[in-house]
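Observations on chain architecture
Given next are the chains, with one letter for each unit.
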Amino acid sequence: GPTDSPNDDRLHITYTDFDDSGTSAACPGDARAAIEYVRSLDGGATWSSHRVIDVVCGFDSFVQGSHVAVGIGSDVYVAWEHYTDFQTRDIRIRRSTNGGASFGPPHVVDQVTPIGDGFVVQGNFRVFLDIQGLVVDRSTGPQRGAVYVTWHDGRFRSRPDPLGGCGGTPTYCFGDAL
């Protein structure tokens, strides 16, 4: 079975699948966006069929920005951002205890207050993907097994700005790392 050895041939990949064909069984007649996961147990020579981590129908809501991290033993974590609409979003995570063969239910890590106007910051730099990283402490120290998710968030640094738009208000949300 999977181990926490960094020298094995196990590979874990996540991605976002946007499907506007209307033929998806999960979203018949509608567009579909899904975070999907695949793994290889032989260094990439072969791959598993995909596992759907999260799915939304239509493009009013969407999922994107997934990260995957190997934990201790057979643990694999997938974190991503779920957008109910463009201003209402959260970071979610799922855990596998069997090397990615299956995953437990999703858990909300935290709500996200987008930075800038929710899509770009001043200067027109696109920043709507808030999640920045996922890592598991694999050391031998007291935090071994702790899971860390990072994202930028504007909840603590909002300032009045007539050109803003943070949360649909005349404010500009400057980013902090959470």
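We now turn to the structure provided with this report. (Residues numbered from 1 in each chain as written. Predicted model: local features only at pLDDT ≥ 70, side-chain atom pairs only at ≥ 80, totals over all residues. Heavy atoms only, no water.)

Some thoughts on the packing of aromatic side chains
Under the counting rule described, the total for this entry stands at two aromatic pairs. Summarising the aromatic geometry, the rings of Phe62 and Tyr83 are spaced 4.1 Å apart at their centres and angled 10° between planes, so their arrangement reads as stacked. Taken as a pair, Phe62 in strand β4 (residues 62-70) and Tyr83 in strand β5 (residues 76-83) lie far apart in primary sequence, 21 residues in all. You'll find Phe62 and Tyr83 in the same group, each marked buried. (Phe/Tyr/Trp six-rings, centres within 6.5 Å; stacked < 30°, edge-to-face > 60°. Helix = DSSP H or I, 4+ residues; strand = E, 2+ residues; numbered from the N terminus. Buried < 20%, exposed > 50% of the residue type's maximum accessible area, 1.4 Å probe, protein only.)

Re the state of the cysteines
Disulfide: a covalent bond formed between the sulfur atoms of two cysteine residues. Using the criterion set out here, one finds one disulfide in the structure. In this model, Cys27 is linked to Cys57 through a disulfide, with the two sulfur atoms separated by 1.9 Å. Classification of the bridge connecting Cys27 and Cys57 rests on its S-S torsion, roughly -80°, and on that basis the disulfide is left-handed. With a gap of 30 residues between them, Cys27 in the loop between β1 (11-19) and β2 (32-40) and Cys57 in strand β3 (residues 51-57) connect regions that are remote in the sequence. With relative accessibility at 36%, the residue Cys57 sits in the partly exposed group. (Disulfide = S-S within 2.5 Å.)

Overview of the sheet that holds β2
Reading across the sheet, the three strands line up as β1-β2-β3 and stay open at both edges, with antiparallel pairing between neighbours. Two strands bound the open sheet, and with one partner strand each, they are β1 and β3. The mean angle between the axes of side-by-side strands here comes to 15°, regardless of whether they run parallel or antiparallel. Note that β1 and β2 share nine bridges and pair antiparallel. For Asp19, the partnering residue across the bridge sits in β2 and is Arg32. (Pairing = 2+ DSSP bridges. Axes fitted to C-alpha atoms, helices over the stretch in contact; angles between N-to-C directions.)

Section: the sheet that holds strand β10 (residues 131-136)
In space, the three strands of this open sheet follow the order β10-β11-β14, with antiparallel pairing throughout. Of all the strands in the sheet, just β10 and β14 (176-177) have a single pairing partner and so form its edges.

Some details on the pattern of salt bridges
Overall, the coordinates contain seven salt bridges when judged by the stated rule. A salt bridge links Arg32 to Asp17; its shortest N-O distance comes to 3.0 Å. Linking Arg32 in strand β2 with Asp17 in strand β1, this pair joins segments that are 15 residues apart in sequence. Residue Arg32 is classed as buried on the basis of its relative accessible area of 7%. The exposure class assigned to Asp17 is partly exposed, which follows from its relative accessible area of 25%. A salt bridge links Asp110 to Arg155; the nearest nitrogen and oxygen atoms lie 3.3 Å apart. Here the residue Asp110 occupies a position in strand β7 (residues 107-112), and Arg155 occupies one in the loop between β11 (147-153) and β12 (158-160), the gap between them amounting to 45 residues. Accessibility expressed as a relative area gives 30% for Arg155, which makes it partly exposed. (Salt bridge = Lys/Arg side-chain N within 4 Å of Asp/Glu carboxyl O.)

Things to note about the nonpolar core
Counting residues in each nonpolar core, the largest one holds 11 residues, listed as Ala69, Tyr77, Ala79, Ile91, Ile93, Val112, Ile131, Leu134, Val136, Val149 and Trp151. Once residues within four sequence positions are removed from consideration, Ile91 is found in contact with Trp80, Glu81, His107, Val108, Val109, Asp110, Val112, Ile131, Val149 and Trp151. With 10 residues, the next largest nonpolar core counts Ala33, Ile35, Tyr37 and Val78 among its residues. (Core = buried A, V, L, I, M, F, W, Y, C linked by side-chain atoms within 4.5 Å. Contact = heavy atoms within 4.5 Å.)

Thoughts on a nonpolar patch on the surface
Side chains of Leu11, Ile13, Tyr15 and Trp47 sit close together on the surface and give an oily, nonpolar patch of about 330 Å² of accessible area. Residue placement: Trp47 occurs in the loop between β2 and β3. (Patch = residues over 30% accessible without salt bridge, like charges linked within 9 Å, V, L, I, M, F, W, Y side chains within 5 Å. Areas by Shrake-Rupley, 256 points an atom, 1.4 Å probe, with all protein chains shown as cover.)

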